[in-house]
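Reading the structure
So you can see what is in the structure, the chains are spelled out below.
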Amino acid sequence: VDPPRTKRCNCRNSKCLKLYCDCFAAGRTCDNCNCLNCHNDDAHDDERRRAIRAILEKNPKAFDAKITPAKSHSNGCHCKKSRCLKKYCECFEAGVTCGIKCKCADCENYPGSDLLRQRRQALRHTPSRQSSTATNLRKFTPPPKATSPPPPPKRPGGGHVVPATA
């Protein structure tokens, strides 16, 4: 059995010393990643330790697991436009549905959601995850949400313009 594949980072400007680097946030050094100017390695150990210490001073729980063993998110996601159906939603990425701690808007990552089922099915049927996940993500766009008609325009002095009746 192959060991579980770890997510590789693609950092460009952070030197892999920020929490949005998947390797750094997981407490690992980078190995066979696609990053540039990486300092998350044994050659830059002192700088790496300083970065970890600085982050832990600000947030002692920064490197704690975000998904608990009970398959729930410890902090919740804060998605605004993705409807929690893209891989940058921490809940969706971990394969858990959004919960009460989440502060997401227009969430579709809940049990029984047809859009969630379709999205997961589309990702499962992708031949090569590494090469076509980005393509697949670009192709998927959630259907537009129902919106109410826009409010009437405002007058320069304040108040709404009332349409003339004949």
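As the structure is a computational prediction, the values presented were derived from the model and not from experiment.

So, how was this worked out
- Residues numbered from 1 in each chain as written.
- Predicted model: local features only at pLDDT ≥ 70, side-chain atom pairs only at ≥ 80, totals over all residues.
- Heavy atoms only, no water.
- Helix = DSSP H or I, 4+ residues; strand = E, 2+ residues; numbered from the N terminus.
- Buried < 20%, exposed > 50% of the residue type's maximum accessible area, 1.4 Å probe, protein only.
- Core = buried A, V, L, I, M, F, W, Y, C linked by side-chain atoms within 4.5 Å.
- Contact = heavy atoms within 4.5 Å.
- Expected span 1.5 Å × (residues − 1).
- Arc of directions from axis to C-beta.
- Salt bridge = Lys/Arg side-chain N within 4 Å of Asp/Glu carboxyl O.

In this structure, lysine 15 is a non-glycine residue whose phi angle is positive, near 60°. With respect to the helices and strands, the residue lysine 15 is situated in the segment before α1 (22-25). Note on lysine 15: relative accessible area 34%, which makes it partly exposed. At cysteine 84, a residue that is not glycine, the phi angle is positive and equals roughly 60°. The topology assignment puts cysteine 84 in the loop between α2 (45-58) and α3 (90-94).

Attention now goes to the nonpolar core. By size, the foremost hydrophobic cluster in this structure holds 14 residues, and its most contacted members are Cys9, Cys16, Cys21, Cys30 and Cys35. Breaking this core down by element, the ones donating at least two residues are α1 and α2. Leave out the neighbours within four places in its chain, and cysteine 21 touches Cys9, Cys11, Cys16 and Cys30. Grouped together as the second largest cluster of nonpolar side chains are 13 residues, Cys77, Cys79, Val96 and Cys102 included.

Along an α-helix, residues three or four positions apart point the same way, because every turn accommodates 3.6 residues. For α2, with 14 residues, the first-to-last C-alpha span of 20 Å sits near the 20 Å given by 1.5 Å per residue. All of the buried residues in α2 are Arg48, Ala51 and Ile55. Along the axis of α2, the buried residues cluster in a sector spanning 65°; they form a single face. Exposed residues pointing more than 90 degrees away from the buried face of α2 are listed as Asp46 and Glu57. Structurally, α2 contributes buried residues whose contacts are with α1.

Moving on: the pattern of salt bridges. If you walk through the whole model with that rule in mind, you get 2 salt bridges. Between arginine 49 and aspartate 45 there is a salt bridge, with its nearest N and O atoms 2.8 Å apart. Within this pair, arginine 49 and its partner aspartate 45 are both found in helix α2, separated by 4 residues, close to a single helical turn. In this structure, the salt-bridge partner of aspartate 114 is arginine 117, at a minimum N-O distance of 3.7 Å. Here the residue aspartate 114 and the residue arginine 117 both occupy positions in helix α4 (residues 114-124), the gap between them amounting to 3 residues, near one helical turn. Taking relative accessible area as the criterion, aspartate 114 reaches 48% and is therefore assigned partly exposed.

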